[in-house]
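# Commentary on secondary and tertiary structure
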Amino acid sequence: MDLTVHLLCLTCLMASVFSQTAPLKCKKNKSLPTDEVYTTRYKQICLEFHNTPQLWSEAKETCKKSERFLAKLDTVDLWGFVLEITRFLAWDVYWIGAHNEAGKLEYKWSDDTQAELFWGKDPANLEAGHCAVMQSSGYVKPEDCEKKHKFVCTSAMPAKKVKPQNTTAA
């Protein structure tokens, strides 16, 4: 089987295992070729897996263009879901949305909320860089933001439109 069939099978499996709602579609970014971006969802979150390595700032901007953020992995379940897909894609390291300011240990997501991260045996090293990559081990490490890596974008899925009920009294 080719990679497309494997990805389709993986998506179906993950959707059936993790989905708690009826299937919803993520808005696809039609300006990117489909062989460069794999789009899927996890519960109410859209995910885009970008195969073209970019600098952290470029990756952040690419995500922003499709109304997303560099991956905000703020639950253990979502972390595991992304990890399984990236292992299947054989990605060793990839950008996530965590970063810090020079001289500060506190990391934030690209939407400026505080990031709780799973550091490996070697905790954050301020000299290593101010952006974070996730490794195939599932641990995060600081990285020089000027390196190019593949990356993941995430966003909340759009809410379903609900038709207003007629509430006029008789």
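Residues numbered from 1 in each chain as written. Predicted model: local features only at pLDDT ≥ 70, side-chain atom pairs only at ≥ 80, totals over all residues. Heavy atoms only, no water.

### A word on unusual backbone geometry
Positioned with a positive phi, E67 is a non-glycine residue whose angle comes to about 60 degrees. A positive phi is found at A90, a non-glycine position, where the angle reads about 65 degrees. Position of A90 relative to the elements: it lies in the loop between α3 (76-88) and β4 (93-99). We classify A90 as exposed; its relative accessible area is 58%. (Helix = DSSP H or I, 4+ residues; strand = E, 2+ residues; numbered from the N terminus. Buried < 20%, exposed > 50% of the residue type's maximum accessible area, 1.4 Å probe, protein only.)

### Remarks on the environment of P142
By secondary structure assignment, the location of P142 is in strand β6 (residues 140-143). Take P142: its relative accessible area is 8%, and that puts it in the buried class. Along the backbone, P142 and N100 are 42 residues apart, and their C-alpha atoms lie at a distance of 9.3 Å.

### Details of the pairing of β4
Among the seven residues of β4, six are classified as buried, and the element is accordingly described as predominantly covered. Relative to strand β5 (residues 131-135), β4 is paired through four bridges, and the arrangement is antiparallel. Within β5, the position partnered with W95 by the bridge is V133. (Pairing = 2+ DSSP bridges.)

Any functional reading would require information that these geometric values do not contain.
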